[in-house]
Every structure is written in structure tokens, then in C-alpha cells.
Amino acid sequence: MEESGVNLANNWLYYSFYIIYIITILSTVVVVISENRNPVKTIAWVVVLLFLPVIGIIFYFFFGQDFTKYRMISRKSLKKLIQQSEYADPTEQEKELPARALQLIRLNYTTNSAPFYANNAITIFTNGQEKFDRLKIELLAAQKYIHIQYYIFENDKLGNEISDILIEKAQAGVEVRLIYDDVGCWRVDNAFFERLSQAGVIVRPFMKVTFPRLANKINYRNHRKIVVIDGKTGFMGGMNIADRYVEGLPWGSWRDTHIMIKGPGVHGLQSSFSVDWYFTERQLLYQEQYYPTVDPCGKVGLQIVTAGPIGTWKEIALGIFRAIANAQKYIYIQTPYFLPTEGLTTALQMAALSKVDVRIMLPAQSDSTILYRGTCSYITPMLKAGVKVYFYEPGFLHAKTVVIDDYFSTIGSTNLDFRSFEHNFEVNAFMYNEELAIEIKNIFLSDQKQCRRITLRTWKRRPWRQKVTESVVRLLSPLL
């Protein structure tokens, strides 16, 4: 009798657990569906939850929850920053731009409150040695403040060289603030950042992951790379602080693109940094000292456009879509990862089918096998539409550039994939200048000489196991 009671209790516990388990799975599926996300992403999550329920729930808790309802900064505080970062009336330079540039400028201002800054000088760096040599010079010249933000800041030779300069400037009385991404720097020992803090650098991690309070935000990372020096010089682009950006990888060089901005456009970078600083520190950097008067330095008009998982619009994605839709002659793209949203896929195919010269340059070998397989799965539909695809062979292509019709170009931290468009905090410079666009186009054409062009006939001949792997990874691409 006693044994029967034990069995009954065990059965009751088993069925209770089973029922709770089923309810949890179904409830999570209902939540995913009710969030009204991109249908492709919703279906991907539902498939994972139904077929891999235990793993699916864990992954959803860490990587899948909707973050758009949060705010990084109050409307009142954002208004203060916008008032400070907007600059002198650029009407005269705007008048010289083509109508499609003005359309794109209006879009970015509407969705992102991104002012148009006239008269900037842009210096392009295509390798890490040049970029970091110039960055060190500009950091050493700082008089009032340095604001520096990187997704990755390694404790290696280059990282220590930069940190030594930051310490030197902080001890000389320069305000130095550093934001690093907590997940991007997981492998960096805390002692590295503590040394900076003890020397007077104000160091803050972006969205620190602590269990369990912030574990559900691990998927939303700050991918921006920004440096602002005295409000007059700025750096942004694709390079983090790590030796590999200078020395390359064991199997090849590291090909990247970064820019230095001199002129009023630096105020846009400062505004971006200020929002992230407010999010981490609850301190608003809106004072005039951070937005000094800057003399015209060049002929490039630009907007600094930010985007992230917070808010209604995917601002950088919308801007790139609009620019692609306006293309009449050519679209040249460099990106390390190509897992495009349906909207981007359609825009590129439509442009190619309209006889616009669309070229996409990708690395022949990647630093991520799974992302490389996902990228490969999108090549066939591009080739069928007439898009020209090139594999860069000397090393890893990490540049993130788009140039269109000798009038528009964009360089920043944004990859052409789901993660950059929907999960990461990113920043891009949208630049409107013929000479600069031609310079970036010529860089693309120079890189193209070191590429292997992929044709539809040869691409179809790749091994069937590779095709199957690519197809499986593609199912998960909205979640990668």
C-alpha cells in the first residue's frame, strides 16, 4: 500500500512537471507570436521552441526577447543633445546636392534626428597600421577631453599602447571617458580596465551582463567604434582595438576601413557617445564644452546615423535601403557578413534586374564558420538576379562600406546582416560628396583586383554537403 502511494506521488509529480513544461513552451510561443516581429524571425523562433524546446527556451531567454520598448534616454535629455549637436544652417551646401540625396537626408533626420553637417574633411584608412598611428597622434594632441568607445578593447600590445596614452592624458588633466562592450570584452581581464580607472580614466562597460538580472540582454550589444577628441576630431568605422587589426590573422591580412572626421560632423559622433554614456552612467554630456564651435574643414556633407534594437525604426537599414532604391548606375558593397533581411535582398535584386551595376565583395575565408555558411546561402539568389559577387582572397575582409553613383557613400560599424540591422547598437556616417564617393569607389576597384569573381555556373557545383549545411544555417540566420 505504501509503495502504491509512492508511485502515485511520483506519477503526479511527473505529470505535473510535464504539464508545466508544455504550458511554458506554448506560452513562450504565444509571446513570440504576439510581439508581431518580422515573420521570418518569428517562424525561426517557433521552430526552435517546438523542435528543441529546452534549448529553445534557454536561447530565447538569453537572445530572443524584444527590446524595442526600452528607452536609452528620456525625450527631454535627447532634446538637449539635439539642440547642442545641431550646427550652423547647411542650406547652401544642401542646395548643391542631387534631389535623391536631399530625400535621404530628410529620411535620416525624420527617423534618427540626424542633422546634416556641411564642410567636413574625411580621411580614409584601409589598414590598421595607418589608422592607429594617426589615432595615437590625435590622442596625444588632446587638450580638453577624449571620449572613446569600442566593441572590443583587447589587453594586447596595441590595447596597452592606447591605454598608456589614455592614462598619460588623464593624469595631465584631460577628461577621458571610455565605454567598452561587456560581451565584446569578456576575454579581457578586469585588471586591465581597473588600471585605467585607477589612473583617472572614467571606464564603463555597456550593458554589463550579470546573472540573472541582465542575462536576457546579452543579445543586444554595442558594436560602435567611436573616438571624439576635443569635439573637433572624430574616428569611426570597422576597426576595434586589437593586434589582429594591425598584424592580421595566421592565414592572411586584415582588410578594414575606418575614417577620421575633421569638422562640424564630429558633433554627431559626440551626440552618439553622449546617449550611450547617459545609458551607462545616467550623466548627460550636453554642456557647450563638449560641442565647441568648429571651423569648416572640407567639402563633405554628412550625417551621423545611429541605430539599435531600441525604438520604432531600423534607421541605418532604412537609409541604406533608400540609397539602394535611388541608385541609377552602380552600387558597390563591402561587408564581412552577408545575411540580408528580406527587404535588403529585394532591394539589391530589384536594382540588379534594373541593370544597375551591383557588386558585393565578401571575404573568401571568414573568422566565423557558421556566419560564412549563412552568407553562402544568400549568394545564389543574388547571382540569379545579376548581382556580381567577389571573394576577397588575401585575407579577411572586415570593411563595411557602400558607395553609390558617385554621390553617396556610407562607412561605419554596420554589417549587412540581421544582427547589425536588428540587434546591435551601430553607427554609420552617411556622406554626400562626389570626390569622396569616387575615392571609395576606386578603393573598391583596387580591392577587386585581389578577388575571385563567383559565377552562377561554378557556384552551383559546390559540394552537396556544403549546400545542405548552408540551408540549415540559413533557417537560423535571423537569430545569429
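Report on the accompanying structure.

Quick notes on the rules
- Residues numbered from 1 in each chain as written.
- Predicted model: local features only at pLDDT ≥ 70, side-chain atom pairs only at ≥ 80, totals over all residues.
- Heavy atoms only, no water.
- Pairing = 2+ DSSP bridges.
- Helix = DSSP H or I, 4+ residues; strand = E, 2+ residues; numbered from the N terminus.
- Expected span 1.5 Å × (residues − 1).
- Buried < 20%, exposed > 50% of the residue type's maximum accessible area, 1.4 Å probe, protein only.
- Arc of directions from axis to C-beta.
- Contact = heavy atoms within 4.5 Å.

This part is about the pairing of strand β1 (residues 117-125). Examined bridge by bridge, β1 and strand β9 (residues 300-307) share two bridges and lie antiparallel to one another. From the neighbouring strand, Asn120 faces β9, where its bridge partner is Val300.

Moving on to helix α6 (residues 99-112). Helix length check: α6, at 14 residues, gives a terminal C-alpha distance of 20 Å against a target of 20 Å (1.5 Å per residue), a fit within 8%. Of all the residues in α6, the buried ones are Arg100, Ala101, Leu104, Ile105, Asn108, Thr111 and Asn112. Burial along α6 is one-sided: seen end-on, the buried residues are contained in an arc of 145°. Exposed and oriented more than 90 degrees from the buried face of α6 are Ala99, Arg106 and Thr110. Among the residues trailing α6, Ser113 stands out with phi positive, at a value near 55°.

Here we take up the pairing of strand β16 (residues 408-412). Where burial is concerned, most of β16 is hidden: five out of the five residues are buried. Going residue by residue along β16, you find Phe408, Thr410 and Gly412 tucked away on one face and Ser409 and Ile411 tucked away on the opposite face as well. Between the antiparallel neighbours strand β15 (residues 401-404) and β16 lie three residues, among them Asp405 with a positive phi of about 55°. Taken together, the five bridges between β16 and strand β18 (residues 426-432) define a ladder with antiparallel strand orientation.

Turning to the environment of Leu344, a few remarks are in order. Looking at where Leu344 falls in the secondary structure, it is placed in helix α13 (residues 342-353). The class of Leu344 is buried, set by a relative accessible area of 0%. For the pair Leu344 and Leu318, spaced 26 residues apart in sequence, the C-alpha to C-alpha distance is 9.3 Å. Contacts of Leu344, omitting those with residues within four sequence positions, involve Phe321, Ile324, Leu416 and Phe421.

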